[in-house]
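What the coordinates show
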Amino acid sequence: MLGILAEHGFEIVENEEDADVIIVNTCTFIDSAKNESIECILELSQYKNGGNCKALIVTGCMAQRYKEQILSEMPEVDAVIGTNEYDKIADVIKELDNDKTDLLWCGAGNPDEQNLPRIRTTPSYTAYLKIAEGCDNHCTYCVIPSIRGMYKSRMIEDIVSEAERLAEDGVRELVVIAQDTTAYGKDIYGEYHLPELLKKLCAVNGVDWIRVHYCYPELVSDELIEVFKTEPKLCNYFDIPIQHSSDTILKKMGRHTNKAQIVGLIERIRREIPDAVIRTSLIVGFPGETEEDFENLCDFVRKIRFERLGVFAYSREEDTPAYSFDNQIDDEEKERRRDLIMMIQSEIAEEQNTEKIGSVVRVLVEDKDEIIKSYYGRTYADSEEIDGKVFFKSDRRLTPGEFVNVRVEQAMEYDLFGAECDACE
Ligand code: SF4
């Protein structure tokens, strides 16, 4: 949307108080995301009362899901644009300028992503690269397939040419995303093509790191693991959301894997790639999750010792099968279970980080914290925004986006601390 607006001559400003038009791009995946979106809309609507702002537009997943309610219950909102019509953003603003209001653009559009201009909001050295949209998995707790539709892959050559443009623009790290990256290609090529796509992306000059998010466990094939093993640019960072370890709960969630398959996959990855970092996410408090199921999950987390882990309390979402499942668990109990898993994991994370003291890690420099006079950055094991950082001293003047070696001297549960050094061990 930023790219389209710039192309139509709109000026993008940094602060909301300077804006004539404010656009809130929303999420609706779980309750907390929805609440955050609503709070943000209400907070920004204040700029319409006596401020500069003449129009407030809500876009994204919450807009698509609750279009009518947003317009009827939030009078401060002037237009709602759904996930399939965001390419109409400039037209909508022009209509609002003609004194039209309460506009609803939530149809079944199909934006031509390949030819849409792009302005990135991530730091200059890193960029998300979306390879597909939608999902066919239909996990019973998830609203995404009903909002985003069926899985739709982009063509390999389109993705690669976008990667080339990003590299020419100074991007050193590509973060490959989709609702399920492992499903890539089946809809357009008749077979899964993520390994082939990744090989082609690794051949793009100028890119140093390629990171892949959201792999569905069932689809992490030997061929895919082999590509990770052999392509040095591919970060050995496996983001594989498994959601649970109890077979009963996995089945109720509509997941296609069981505990034995998940354990087998993790063993395979660790055997083939000893420095693999495995990230997963879990849902606790799913309807019918017994104390026994939960204990099963706690034991699993203790045994597997994931390098990275996120835990969510189950969010009961309308229009999903799990919404009407029996034995919903109360919020307090869900929070208790989430906190317990986080406690188990934080001990594991601290132990794993402590083991790194004395080693040398390769770090992508992000910036300098002038208050503590320390540079910071990330290793291959840390993804932007969700993982920890490495804080380090250096006698040199470093630039964001360059790579340095850092000797680790101290560790906390999520962050490492050290100093720049010459050689990599
Ligand atoms: S794979 Fe992810 S996006 Fe798809 S239905 Fe399941 S949770 Fe939702």
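Residues numbered from 1 in each chain as written. Predicted model: local features only at pLDDT ≥ 70, side-chain atom pairs only at ≥ 80, totals over all residues.

A few words now on the domain arrangement of the protein chain. With domains assigned, the protein chain is organised as domain 1 (2-105), domain 2 (113-354) and domain 3 (360-421). For domain 1 and domain 2, the distance between their C-alpha centroids amounts to 29 Å. Contact residues are listed per partner, giving 14 residues for domain 1 and 10 residues for domain 2. Secondary structure elements with two or more residues in the side of domain 1 that touches domain 2: helix H1 (2-7) and helix H3 (61-65). Per-element accounting of the side of domain 1 that touches domain 2 gives the leading share, five residues, to H1. (Domains from an automatic or database assignment. Contact = placed C-beta atoms within 7 Å. Helix = DSSP H or I, 4+ residues; strand = E, 2+ residues; numbered from the N terminus.)

All right, on to the packing of helix H13 (residues 291-304) against helix H14 (residues 331-354) then. Two quantities define a packed helix pair, namely the angle between the helix axes and the distance between the axes. Contact pair H13 / H14: the axes reach a minimum separation of 9 Å and the direction vectors enclose 15 degrees. Compared by their axis directions, H13 and H14 come out roughly parallel. Note that H13 runs across H14; the crossing there is right-handed. Residue-level contacts link Phe294, Leu297, Cys298, Val301 and Arg302 of H13 to Arg337, Leu340, Ile341, Ile344 and Gln345 of H14. Considered class by class, the residues forming the contact of H13 with H14 number seven nonpolar, one polar and two charged. (Axes fitted to C-alpha atoms, helices over the stretch in contact; angles between N-to-C directions. Parallel < 35°, antiparallel > 145°, perpendicular 65-115°, else oblique. Left-handed = near helix turned anticlockwise from the far one by under 90°. Nonpolar A, V, L, I, M, F, W, Y, C, P; charged D, E, K, R; others polar.)

We now examine the pairing of strand S10 (residues 234-239). Most of S10 sits inside the fold, with five of its six residues counted as buried. Relative to S10, strand S9 (residues 209-212) runs parallel, the two being bridged by two bridges. Across the sheet, residue Ile210 finds its bridge partner in S10, namely Leu234. Between the parallel pair S9 and S10, the chain is carried across by helix H10 (residues 222-230), and the sense of this crossover is right-handed. Direction of pairing for S10 relative to strand S11 (residues 277-284): parallel, over a ladder of three bridges. By the bridge assignment, Asp239 is partnered in S11 with Arg279. (Buried ≥ 20, exposed ≤ 12 C-beta atoms within 10 Å, placed from the backbone. Pairing = 2+ DSSP bridges. Right-handed = clockwise from strand over helix to strand, strands pointing away.)

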